Amino acid sequence: MPSWSPTLLLRPWRSSAFRIQALALLVCTLAIAAVVLMRGELDHRFANRTAEAIGGDLVLEGSEPATEVQREQVAALPHSRIAAFSTVLVQGDTFVLTSVKAVDKAYPLYGELTVAEQRFATPRTVDQGPPPGEVWLAGPALDRLDQTVGDTVTVGERQLRIGKVLVREPDQGAGFYSMSPRVLMHLDDVASTGVLAPGTRVKYELRIAAPGEQMAGVHERLQPTLAAHQEIDTREDAALRSMGPMRQLSLWGQLSVMMVVLLCGGAVYLAAGVRSAEQARRCAVMKTFGAGRRLILGQILGRELAALLPSIALGLVLAAGAFLLLQQWLGDALTWRPSVLTWLLLGLAPVVIWAGFALPRLWRLADLPARLILADRMEAPAARTGRNLLGALMAPVLVAMMLSGSLVALGQLLLLMVAVAVGMPLLLWGPLRLADKGGARLSLAPRLALRRLARRPLTTLPMLAAMVLALAVMSLASQVGQQLLGQWRASLPEKAPNYFVLNLFDQDMDAFRSWLDTHDAEVPGFYPVVRARLTEVNGQPVREAVTKEDEDDQGQRALNRDLSLTQAAALPESNRVTQGRWVEDSPGEVSVESELAESLGLEVGDELGFTAPSGRVAATVVGLREVEWESFEPNFYFMFSPGTLESLNRYWLTSFYLPEGQGADLPDLIRQFPQITLLDVNALLDQAQDLIARASRAALALAVLLLASGVLVMAAAWLAGNQQRRRDEALLRVLGARSALLRRVAVLEQALLLGGAALFAHLLHLSALWPLGTSLFDGDMPLSWWILLPWALIVPMLAIQWLKPRRHSAPLARLMS
Amino acid sequence: MASTPVLVARQLSKTVPAPEGELTLLEHIDLAVQGGDTLAITGPSGSGKSTLLGLLAGLDVPTGGDVSLAGEPFSGLDEDARAALRGRYCSFVFQAFHLVADLTALENVMLPLEIAGADRARDKARHWLARVGLDKRERHFPSQLSGGEQQRVALARAFAMEPALLFADEPTGSLDRANGDQVAGLLFDLNRDHGTALVLVTHDPALAQHCATHRELVEGRLSA
């Protein structure tokens, strides 16, 4: 019976190959666990954030309140009822159109309300809406009414006391985004105001807190009860509609996990080869003395795995520590506690990696005849190596399934991984053979270096493939990380406009510009706006020209309402021409938003006719544009060339950035220009910027983790070939070689290996730009200097190799070792 | 040169640290080998034969005494200078062959010539491969050769440098009788033809009998 004493479990640690394997598994465990925990944390935070943004995990919406039956279905869960409508507040002779949200005492289910006791006073958070008899008004409403906290205001037939200034709602983005200032009141007061009559446009919501798995059950129970006017929105639907950073981060996280798994698998595979050779003699001796297959496998594989378990455990502990740090770094208290199953899967993942990459090479020992091992003729046939490699690829696939729960979502990534792992050694084999043939005329040092690499394909190719992958992942990780950060920051610059102004007329413009100058407000531009309907396409009435019948279709919706048309000389920064060109400086041209154009079937060259109350306008479509709607800049479906809209009645739209401290001057602005609509988007902007800041930190952490695992795995791969290198050096020493020759051979070998790996990493980087660009950056991922990053690592490594003092141990001892 | 011994060892000792204290492997070894001499050192396993050979060839450093090759002492030399001294005067044949697995038979024979910067290394290597009967196998890698063939390549590599002194450590120890006899015959033929001094370490009395001088190593001491 095999003995399992602690001493026997410590013994493998004397082998450098075992230590490499243990290190690779530690890195692998740490990376997988850290990335999975980070993704779990981010997903959880994001789910919370989206639930907060729509006001619940699940929202039943309708033009009438939820029925008694529906309320009974959710009675056991925290829930809240909301009614949202527009109404006019009256104070003396002043009327202000407001957007009202009437809430019950359970509101808000998630997040907190931010309020102030006075306009521009320091805000604080509260966890409930206003009590009955009270309204909370957003600042602009107070400014227009010229009221303050403590005054009363008339809502329909009721006088309600202004209790607080409403600064921010957690569900600000929940479809109530309106041009009118927000008012929050208690749901019980709505009936007494009499503002809701039959035909009034009102949206009722029943919001339910159903975290985690509960959501699906509630959805299932409510679905059969839905009336025609009702629909259900969930946090998952909202997440799909949400901003890009989280989608990008999630995809990038998945890709990172796969890359780390593949890298570490490569290192384990290389180290296992050395380990197999080390164990071979013991195995042969056991066979010679009649040990059975089970005993050999138990002794060799069982002890090997048992001795590796502390590394895996240490990886998990480190990952848990990193996870706690990450949670603190991302801010807020601990929000997500991984389940026992998650920890079990994380512990199992490196075992699966080891089983896939190392097990076949060690298992082979049980099948090899002892005489081959003892005669030192145990090289694996190439076909077996190919099978081992293919078998090893199943390990990351299994890990991917374990971690993601789905192969479909990872289809592209798995294809990429298989292509890289199988295709790369095949791809590298040709150039390596060519270099070997061409190297016959080289001097001794480069020839020896080349021979070492080219004539050990079973060692060199997996090592080279691991290095290519490591270097490519490093440069790609850096570029992707930097581009994600850059893109997110660019989409919401520090001084993104925090106020939008509508209804500015020509006669107001000079005074308005002067006010902006006085307040150092930064203005991206002024857009003239004409309200008009699209009435003709290529001379035909639009109803005949456009055949789509779907009322939910974007194009149909656009046809059923007045559109905001504008004209501009320059393409806005957040727009990108996807077809045709931007308008020229002559009237009669129009650029159309690409999705709307597709929906309406519009193409470049079409003639469009628009009808406005003040006249008609015609223009030719010269190009289509992609619009970044989340950009916090004014965006338009139809943008005309300068001069096209001159004859029509228009108003001006602009946005500007005003530093936070100057907000107190806004009431003056409203009093000076009473007809303007001033939209305060500070709260939305804060939410978006906060989201981006957190996503940026996570992307940075991910890139650092990938870089670190790449460096560690590359070092492990290099160390795996070290033993043979040292024996070769000893033999050269015996044959009279001096240090200078050994140094030249070693440096040239490294230069060939690392330089070749870097060149192929460049190719891999280049070929990954398109798929990565498509999945993460809407196709826009240009070549960058980051591609040269591997050289920043390689040059110092070669310099160290060149400058480091050589060990002068006795060559005989090294040769005999 | 003829009057200077090609190899001299004086009071050579080697101790290594062990759990029980210092362990003496070799003690007060004195020997001298003239050009063309053949010396067999025999002894039971573990008597220190290979350690002695390593010290004589400057592959290991003694803890006492000194070794000179052609009058030039190893003592005080760094690893590079010792390698240069070896390269000038001596060659090796090992029990485990120690061919470079990545190089063909021809390239293995060329290796010491190239290290020494010899002219026409390829031609010389071809000549020596032919001399050991392997001219048809020059493009084969070690893994494609039998044990006997590998040792013959090692012999060609050793003699290609036309050394004054050849160290052979159990040269037939890994071979069957037929191959062993063939390699031994070749070793002594080449030695005789080229006047090379030979220091042969073996536990095989039959092989030792081919040498002019025979000394036995027992418990770290060399018989007279």
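Details of the structure are given in the entry above.
Bear in mind the structure is a predicted one, so any value in this text is a computation, not a measurement.

Focus: the nonpolar core
One recurring pattern in soluble globular proteins is that nonpolar side chains are buried together.
Right, on to step 1. Among the nonpolar cores identified, the biggest contains 176 residues, and Val268, Ile353 and Val468 of chain A together with Val199 of chain B are the most heavily contacted of them.
Right, on to step 2. Not counting residues up to four positions away in its chain, the partners in contact with Ile353 of chain A are Cys28, Val261, Cys264, Gly265, Val268, Ala395 and Val399 of chain A.
Right, on to step 3. Grouped together as the second largest cluster of nonpolar side chains are 49 residues, Ala66, Leu89, Leu145 and Val218 of chain A included.

Things to note about the packing of helix α3 (residues 105-115) of chain B against helix α4 (residues 121-131) of chain B
Each packed pair of helices is defined by two parameters, the angle between the axes and the distance between the axes.
All names here are of chain B.
Right, on to step 1. Remark: α3 packs on α4, axes separated minimally by 8 Å, with the N-to-C direction vectors making an angle of 125 degrees. Comparing the axis directions of α3 and α4 gives the class oblique. By crossing handedness, the relation of α3 to α4 is classed as right-handed. Counting all contacts with α3, which are made through Ala105, Leu106, Val109, Met110, Leu113 and Glu114, the residues of α4 involved are Ala121, Arg122, Lys124, Ala125, Arg126, Trp128 and Leu129.
Right, on to step 2. Of the residues assigned to the contact of α3 with α4, the class counts are nine nonpolar, no polar and four charged.

Some details on the sheet that holds strand β2 (residues 21-33) of chain B
The pairing of strands in a sheet happens through backbone hydrogen bonds and is either parallel or antiparallel.
All names here are of chain B.
Right, on to step 1. One open sheet holds the four strands; their spatial order is β2-β1-β4-β5, and the pairing between them is antiparallel. Among the strands making up the open sheet, the edge pair consists of β2 and β5 (72-73).
Right, on to step 2. Examined bridge by bridge, strand β4 (residues 64-69) and β5 share two bridges and lie antiparallel to one another. Of the residues in β5, the one forming a bridge with Ser68 is Pro73.
Right, on to step 3. Sheet strands in contact with helix α1 (residues 49-56) are β1 (7-18), β2 and β4, and its direction is about 125 degrees off that of β1.

Let's talk about the environment of Phe95 of chain A
All names here are of chain A.
Right, on to step 1. Locating Phe95 in the fold gives a position in strand β3 (residues 94-103).
Right, on to step 2. The class of Phe95 is partly exposed, set by 13 C-beta atoms lying within 10 Å.
Right, on to step 3. Measuring from C-alpha to C-alpha, the distance between Phe95 and Arg144 comes to 8.4 Å, with 49 residues separating the pair along the chain.

Focus: the packing of α3 of chain B against helix α5 (residues 147-160) of chain B
Residue and element names in this part refer to chain B.
Right, on to step 1. Look at α3 against α5: their axes get within 8 Å of each other, and the N-to-C directions meet at 25 degrees. Overall, the two elements α3 and α5 adopt an arrangement that is roughly parallel. In this structure, α3 crosses over α5, and the sense of that crossing is right-handed. Of the residues in α5, those touching α3 at Ala105, Asn108, Val109, Leu111, Pro112 and Leu113 are Val153, Ala156, Arg157 and Ala160.

Considering the environment of Pro123 of chain A
All names here are of chain A.
Right, on to step 1. Mapped onto the fold, Pro123 is located in the loop between β4 (113-116) and β5 (124-126).
Right, on to step 2. Judged by the 15 C-beta atoms lying within 10 Å of it, Pro123 is partly exposed.
Right, on to step 3. In this structure the C-alpha to C-alpha distance between Pro123 and Arg168, which are 45 residues apart in sequence, comes to 9.3 Å.

Some details on the interface of chain A and chain B
Right, on to step 1. With 22 residues of chain A at the contact, the number on the chain B side is 20 residues.
Right, on to step 2. Among the secondary structure elements, those contributing two or more residues to the side of chain A that touches chain B are α15 (444-454), α23 (722-734), α24 (739-777) and α26 (811-816) of chain A.
Right, on to step 3. It is α23 of chain A that provides the largest number of residues to the side of chain A that touches chain B, a total of five residues.
Right, on to step 4. Within the side of chain A that touches chain B, the residues separate by chemical class into 12 nonpolar, three polar and seven charged.

Describing unusual backbone geometry
Right, on to step 1. Of note, the amide linkage connecting Tyr107 of chain A to Pro108 of chain A takes the cis form, showing an omega dihedral of -5 degrees.
Right, on to step 2. Its place among the elements puts Pro108 of chain A in the loop between β3 and β4.
Right, on to step 3. In this model, His98 of chain B sits at a positive phi of 50 degrees, which is unusual for a non-glycine residue.
Right, on to step 4. Topologically, His98 of chain B is positioned in the loop between β6 (90-93) and α3.
Right, on to step 5. Look at Arg120 of chain B: it is not a glycine, yet its phi comes out positive at around 45 degrees.
Right, on to step 6. Assignment of secondary structure puts Arg120 of chain B in the loop between α3 and α4.

Calculation notes
- Residues numbered from 1 in each chain as written.
- Chains lettered and ligands numbered in written order.
- Predicted model: local features only at pLDDT ≥ 70, side-chain atom pairs only at ≥ 80, totals over all residues.
- Core = buried A, V, L, I, M, F, W, Y, C linked by C-beta atoms within 7 Å.
- Buried ≥ 20, exposed ≤ 12 C-beta atoms within 10 Å, placed from the backbone.
- Contact = placed C-beta atoms within 7 Å.
- Axes fitted to C-alpha atoms, helices over the stretch in contact; angles between N-to-C directions.
- Helix = DSSP H or I, 4+ residues; strand = E, 2+ residues; numbered from the N terminus.
- Parallel < 35°, antiparallel > 145°, perpendicular 65-115°, else oblique.
- Left-handed = near helix turned anticlockwise from the far one by under 90°.
- Nonpolar A, V, L, I, M, F, W, Y, C, P; charged D, E, K, R; others polar.
- Pairing = 2+ DSSP bridges.

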